Structures are given as structure tokens and as C-alpha cells.
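# Architecture at a glance
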Amino acid sequence: GAGVSQSPRYKVAKRGQDVALRCDPISGHVSLFWYQQALGQGPEFLTYFQNEAQLDKSGLPSDRFFAERPEGSVSTLKIQRTQQEDSAVYLCASSLGQGGQPQHFGDGTRLSIL
Amino acid sequence: AQTVTQSQPEMSVQEAETVTLSCTYDTSESNYYLFWYKQPPSRQMILVIRQEAYKQQNATENRFSVNFQKAAKSFSLKISDSQLGDTAMYFCAFTDAGGTSYGKLTFGQGTILTVHP
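All of the points below concern the structure found in this document. (Residues numbered from 1 in each chain as written. Chains lettered and ligands numbered in written order. Predicted model: local features only at pLDDT ≥ 70, side-chain atom pairs only at ≥ 80, totals over all residues. Heavy atoms only, no water.)

Next up on the list: the overall build of chain B. Of the regular secondary structure elements, chain B holds zero helices and twelve strands. Listing each helix as α and each strand as β along chain B from the N terminus yields β-β-β-β-β-β-β-β-β-β-β-β. Across its three principal directions, the C-alpha atoms of chain B cover 45 × 30 × 20 Å. The proportion of buried residues among the 117 residues of chain B is 48%. For chain B, the accessible area works out to roughly 5,600 Å², and carbon and sulfur atoms hold 45% of it. Here chain B contributes 9 positively and 10 negatively charged side chains, and the mean placements of these two sets differ by 6 Å. (Helix = DSSP H or I, 4+ residues; strand = E, 2+ residues; numbered from the N terminus. Buried < 20%, exposed > 50% of the residue type's maximum accessible area, 1.4 Å probe, protein only. Areas by Shrake-Rupley, 256 points an atom, 1.4 Å probe, with all protein chains shown as cover. Lys, Arg positive; Asp, Glu negative; His and termini not counted. Charge placed at Lys NZ, Arg CZ, Asp CG, Glu CD.)

Moving on, we come to the overall build of chain A. Across its full length, chain A carries zero helices and eleven strands. When the helices and strands of chain A are read in sequence order from the N terminus, they spell out β-β-β-β-β-β-β-β-β-β-β. By its C-alpha atoms, chain A is 35 × 25 × 25 Å across when sized along the principal axes. When contacts within chain A are restricted to residue pairs at least 6 apart in sequence, long-range pairs at least 24 apart make up 52% of them. (Contact = heavy atoms within 4.5 Å.)

All names here are of chain A. You can see Gln-6 is positioned in strand S1 (residues 5-7). Among the residues examined, Gln-6 registers a relative accessible area of 11% and is labelled buried. Among the polar contacts listed, one links the side chain of Gln-6 to the backbone oxygen of Tyr-90, at a separation of 2.9 Å. A distance of 3.0 Å separates the side chain of Gln-6 from the backbone nitrogen of Gly-108, its partner in a polar contact. Contact partners of Gln-6, with chain neighbours within four places excluded, come to Arg-22, Cys-23, Trp-34, Tyr-90, Leu-91, Cys-92, Gly-106, Asp-107, Gly-108 and Thr-109. (Polar contact = N/O pair within 3.5 Å; in protein donor to acceptor, adjacent residues only side chain to side chain.)

Okay, the pairing of strand S5 (residues 32-39) of chain B next. Residues and elements named next belong to chain B. The buried count for S5 comes to eight of eight residues, which makes it a mostly enclosed element. Residues Tyr-32, Leu-34, Trp-36 and Lys-38 line one face of S5 and the alternating positions Tyr-33, Phe-35, Tyr-37 and Gln-39 line the opposite face, and both faces are buried. As judged from the eight bridges shared by S5 and strand S10 (residues 88-96), these two strands associate in the antiparallel manner. The residue bridging Tyr-37 from the neighbouring strand is Phe-91, located in S10. The pairing of S5 with strand S6 (residues 46-52) spans six bridges and is classified as antiparallel. The residue bridging Tyr-37 from the neighbouring strand is Leu-47, located in S6. In this structure, the hairpin formed by S5 and S6 is closed by a connection of six residues, where Arg-43 is found at a positive phi of approximately 85°. (Pairing = 2+ DSSP bridges.)

Enumeration according to the criterion identifies eight salt bridges over all chains in this entry. Here Arg-9 of chain A and Asp-107 of chain A are joined by a salt bridge, their closest N and O atoms 3.5 Å apart. One end of the pair, Arg-9 of chain A, is in the loop between S1 and strand S2 (10-13); the other, Asp-107 of chain A, is in the loop between strand S10 (104-105) and strand S11 (109-113), with 98 residues separating them in the sequence. Take Arg-9 of chain A: its relative accessible area is 32%, and that puts it in the partly exposed class. Between Lys-55 of chain B and Glu-52 of chain B there is a salt bridge, with its nearest N and O atoms 3.2 Å apart. Taking relative accessible area as the criterion, Glu-52 of chain B reaches 13% and is therefore assigned buried. (Salt bridge = Lys/Arg side-chain N within 4 Å of Asp/Glu carboxyl O.)

Applying the stated criterion across every chain, the model contains 16 aromatic pairs over all chains. On the basis of an interplanar angle of 90° and a centroid distance of 5.8 Å, the ring pair of Tyr-35 of chain A and Phe-107 of chain B is categorised as edge-to-face. Of this pair, Tyr-35 of chain A sits in strand S4 (residues 31-37) while Phe-107 of chain B sits in strand S11 (residues 106-107), which puts the two residues in different chains. By relative accessible area, which is 0% here, Tyr-35 of chain A ends up buried. (Phe/Tyr/Trp six-rings, centres within 6.5 Å; stacked < 30°, edge-to-face > 60°.)

Okay, here's the thing in C-alpha cells:
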């Protein structure tokens, strides 16, 4: 079956622009996670959805970051008024449930802010 | 807060040889899960192996096995019969089994593994 799909694969934006990153999880997966990965580093947690409910947004670095999953499937991560420090790879992962369920990752979106 | 430490930024191994990647973690939880993920240059994070903390038996997946030492909070990955396709960045990751973590992963800094022909 299809894996986690993320689009676009690459995004270049000018500082101050708004961007939207899309994640299409594996069908039937209840849990959806967003991570931010700086170059050469391990991913860091941003936010978590259980179906359409955003249960944890403790990792979002500022109020410029916003995520939604309105119908419990596709999710969008939006960054407003982008800054150079937002440049990173944004990874989406989905899993059947919580706890120790294995997470399946997409290919990520590489965001570059000029 | 949980922390995961990978002390080897880079490792190399000859094809067909065995290599061990190290990982230590810190937590006050008694029940949790540990993972090794592989990230090749294509960027997709691929699950290699998973260990449940309450299981004493070390997990194995074909050429991949772990040495889980709960008291020492150590979780190393052994790759046997290394292949060129094993070249990648390897991440150790932790999640607790309940509470309000919801399964979010805490990752180490990663180890770049290069397999030489």
C-alpha cells in the first residue's frame, strides 16, 4: 500500500512569505506527527494529532507555526512570516496508534528561506 | 525530560564485516520503547528495529540486532554482514509507553555509517 506522502519535496521562499506543507498519512492511521530536522541533526518533535484533534503542540517553536488535520487524514503545517531559521527538513510520520506503535515517515519537505 | 545520546558521529566498516553503533538514554520512566531508524540520503526515515523495555530478550531483525541493557540505559545496534546499502545516517530514538507523550519520539544526534567495498 501507499506510504506517507509529503508535498512539496522542496520549497524555496523569501523571508517573510507564508508557506504550507502537506502530509498525506497512511490510510487508517490515527496518529500523525510533525518533526523538524536541521541539517546533520536528529528530528525534533513539533506537534501531534490523534484523528482531527491536536493533542500536543508543545514543540512548535513560535506562534508563526500552525498545523491542522481537519478531517482526520491529510494534515497541513503552515509557517507564517518565514524566517531564515525556519530552514530545515520537515518530516511527517503516521502510526496506527499511540505509545510504542512504529511510526512511518514520509520523504520530508526541504524548506529553504532566502 | 528524556534524552538520547549517540556518541559516535561517524563510523565506517568494510563490506561483510560487523559494526556496532552505540546509544545511551536517560529517563525516569519504567516502561518505554526504543528504536533504531535508518535515514539514507533520500531522506526517508526507515524503521530498522524496535525494543520494548519490559522485554528482556533483545530484538533481532535479520542482520540487525540490539544489545539492550536496561540498568545501564544502553541500547546498541549490531549490523552483521554489512552491505553497501547499509550506508546511511542511523538514529536511536525513545518514546515512553503512555502518559501524555502520545508516542512522540526523542531522537539522538545520529551516527553516519559508511560501508566500504
